[in-house]
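# Examining the three-dimensional arrangement
Given next are the chains, with one letter for each unit.
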Amino acid sequence: MNILMLAINDPAGTAIQFARAVNRYSGHRCRLVTLETRYTHDWEKDLHIPDLGPDGLEEVEILLREADVLHFHMTCDENQPFGPFLPADYLKGKAVVHHHHGHHDFRSDPESFRRKYRERGRTNLLVSTPDLLHKLPEARWQPNLVPISEPLLRPQWGRFDDPGQLLLCHSPTRKDLKNTDDLLEAVQWVNRRRARIRLDLIDDVPNEVCLSRKRRCHVLFDHMQGYYGVSSLEGLSQGLAVIAGLDDWNRARMAEFAGTDDLPWVVARDQGELRARLVELCDDRARCAAIGDKGRVFMEERWSDQRVARRLTDFYEGL
């Protein structure tokens with residue numbers, strides 16, 4: 001099966017990871033075409049329209065023509081031009097997939113997208129986190145993945161040899177959506193009493209730099225929005241204790257996918273819980289290290305890129 005992913009920009013580098021995993025773990029062929037680069041994260045690209053010369057554009061047209069599946073990410077659809085090509089001209093005989101990743105246009109008005117899909121007869125719908133099923137109940141949840149065997153996503157041993165400050169990292173793409181102010185207040189509160197936490201606030205750097213800095217830490221704070229982000233998966237894979245404000249709905253869906261209720265996230269749903277969890281992790285480094293080890297095992301056994309890719313290829317094969 002030939003799968004062509006199309007995205008204006010790659011959401012948190014997830015599309016390229018899906019494409020790589022499909023190619024690595026299945027007999028299907030997957031390519032990704034993108035239009036824009038946002039932020040400075042330098043995620044890997046496949047066919048990036050601004051970088052392509054005539055030969056590259058010719059390849060895009062061949063892929064559009066020969067694809068069995070057109071997989072659109074975020075708000076992109078067949079009426080979005082990719083260079084001189086309009087995917088709408090290549091729909092005949094193809095399955096069409098729409099994959100939402102929580103873009104603010106979708107979150108603010110999901111009914112406009114539901115209406116569009118009904119009018120166009122689109123039923124192959126994916127969402128990236130369980131909370132988005134509330135907004136698009138017709139969809140299937142497709143978990144995100146990280147390539148857990150890559151060096152920057154493996155644990156860095158020896159981090160706990162120094163009994164000094166607890167190293168905490170946070171890498172918000174948008175601080176207003178990731179409870180960054182809450183985290184800063186909680187760290188200040190703890191440090192006024194203990195002076196034990198050093199925060200690495202990782203902002204707008206290349207992805208490799210971000211992963212390298214995270215890997216040196218003990219704890220990662222994702223956010224307290226009820227669900228989890230790709231940052232959570234990166235931290236778990238690296239063996240960090242990962243804090244996120246998972247709500248009961250998301251936990252239940254995640255447990256169903258993972259096949260276990262024993263999820264490794266450290267749950268903090270409000271400011272008081274966040275302060276308490278930080279104090280606990282500061283005061284018991286052995287427990288902090290054990291939580292990180294548990295997270296790594298969980299990623300290997302329950303949330304590996306191979307397992308997540310299998311869920312996506314099963315979806316493709318059912319179209």
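The following refers to the structure shown. (Residues numbered from 1 in each chain as written. Predicted model: local features only at pLDDT ≥ 70, side-chain atom pairs only at ≥ 80, totals over all residues. Heavy atoms only, no water.)

When its secondary structure is counted, the chain shows 11 helices and 12 strands. Here the C-alpha atoms of the chain give a radius of gyration of 20 Å, agreeing with the 20 Å that 2.2 N^0.38 yields for 319 residues. Projected onto its principal axes, the C-alpha positions of the chain cover 65 × 40 × 35 Å. Scored against the burial criterion, the 319 residues of the chain give a buried share of 55%. Look at the contacts in the chain between residues 6 or more apart in sequence, and 71% of them connect residues 24 or more apart. Carbon and sulfur atoms make up 46% of the accessible area of the chain, which totals about 13,800 Å². Between the centroid of the 45 positive side chains of the chain and the centroid of its 50 negative side chains there is a distance of 3 Å. (Helix = DSSP H or I, 4+ residues; strand = E, 2+ residues; numbered from the N terminus. Rg over C-alpha atoms; globule rule 2.2 N^0.38 Å. Buried < 20%, exposed > 50% of the residue type's maximum accessible area, 1.4 Å probe, protein only. Contact = heavy atoms within 4.5 Å. Areas by Shrake-Rupley, 256 points an atom, 1.4 Å probe, with all protein chains shown as cover. Lys, Arg positive; Asp, Glu negative; His and termini not counted. Charge placed at Lys NZ, Arg CZ, Asp CG, Glu CD.)

The next point concerns the layout of surface pockets. Over the atoms, a rolled probe matching the size of one water molecule traces out where space is still vacant. Approximately 340 Å³ is the volume found for the second largest pocket. Residue lining of the second largest pocket: 22 residues in total, with Gln17, Trp43, Glu150, Asn207 and Leu211 positioned closest to the centre. Mapped onto the lining of the second largest pocket, the elements with two or more residues apiece are α1 (14-25), α6 (207-215) and α7 (230-237). Split into classes, the residues belonging to the lining of the second largest pocket amount to 11 nonpolar, 5 polar and 6 charged. (1 Å grid on protein atoms, 1.4 Å probe; cavity = no way out; pocket = protein on both sides within 12 Å on 5 of 7 lines; lining within 4 Å. Points joined across faces, edges and corners; volume = space filled by probe spheres on them. Nonpolar A, V, L, I, M, F, W, Y, C, P; charged D, E, K, R; others polar.)

Given two aromatic rings, their pairing is described by the distance between the two centres and the angle made by the two planes. If you walk through the whole model with that rule in mind, you get 10 aromatic pairs. Seen in terms of ring centroids, Phe257 and Trp303 are 5.0 Å apart; in terms of plane orientation they differ by 75°. Their pairing is edge-to-face. In this pair, Phe257 sits in helix α8 (residues 248-258) while Trp303 sits in the loop between α10 (285-302) and α11 (305-317), placing the two residues 46 residues apart along the sequence. Arg253 extends its terminal NZ or CZ atom over the ring of Trp249, reaching a point 4.2 Å from the ring centre. The lysine or arginine in question, Arg307, covers the ring of Phe257, its NZ or CZ lying 4.9 Å from the ring centre. (Phe/Tyr/Trp six-rings, centres within 6.5 Å; stacked < 30°, edge-to-face > 60°. Lys NZ or Arg CZ within 6 Å of the ring centre and 35° of its normal.)

Applying the stated criterion across every chain yields a total of 23 salt bridges. As a salt-bridge pair, Asp77 and Lys116 come within 3.0 Å of each other at their nearest N and O atoms. You can see Asp77 sitting in the loop between β4 (69-73) and β5 (95-100) and its partner Lys116 sitting in helix α4 (residues 110-120), a full 39 residues away along the chain. Taken as a pair, Asp77 and Lys116 share a single burial class, namely buried. Note that Lys214 is salt-bridged to Glu234, the shortest N-O span being 2.5 Å. With Lys214 in helix α6 and Glu234 in helix α7, this residue pair connects regions lying 20 residues apart in the sequence. The residues Lys214 and Glu234 share a single accessibility class, namely buried. Each of Asp77, Glu78, Lys116, Arg120 and Arg122 takes part in one network of salt bridges that share partners. (Salt bridge = Lys/Arg side-chain N within 4 Å of Asp/Glu carboxyl O.)

So, on to the environment of Val308. With respect to the helices and strands, the residue Val308 is situated in helix α11. Assessed through its relative accessible area of 0%, Val308 is described here as buried. As for Val308 and Leu199, which are separated by 109 residues in sequence, their C-alpha atoms are 31 Å apart. Among residues more than four places away in sequence, those in contact with Val308 are Phe18, Gln142, Pro143, Asn144, Leu145, Phe257 and Trp303.

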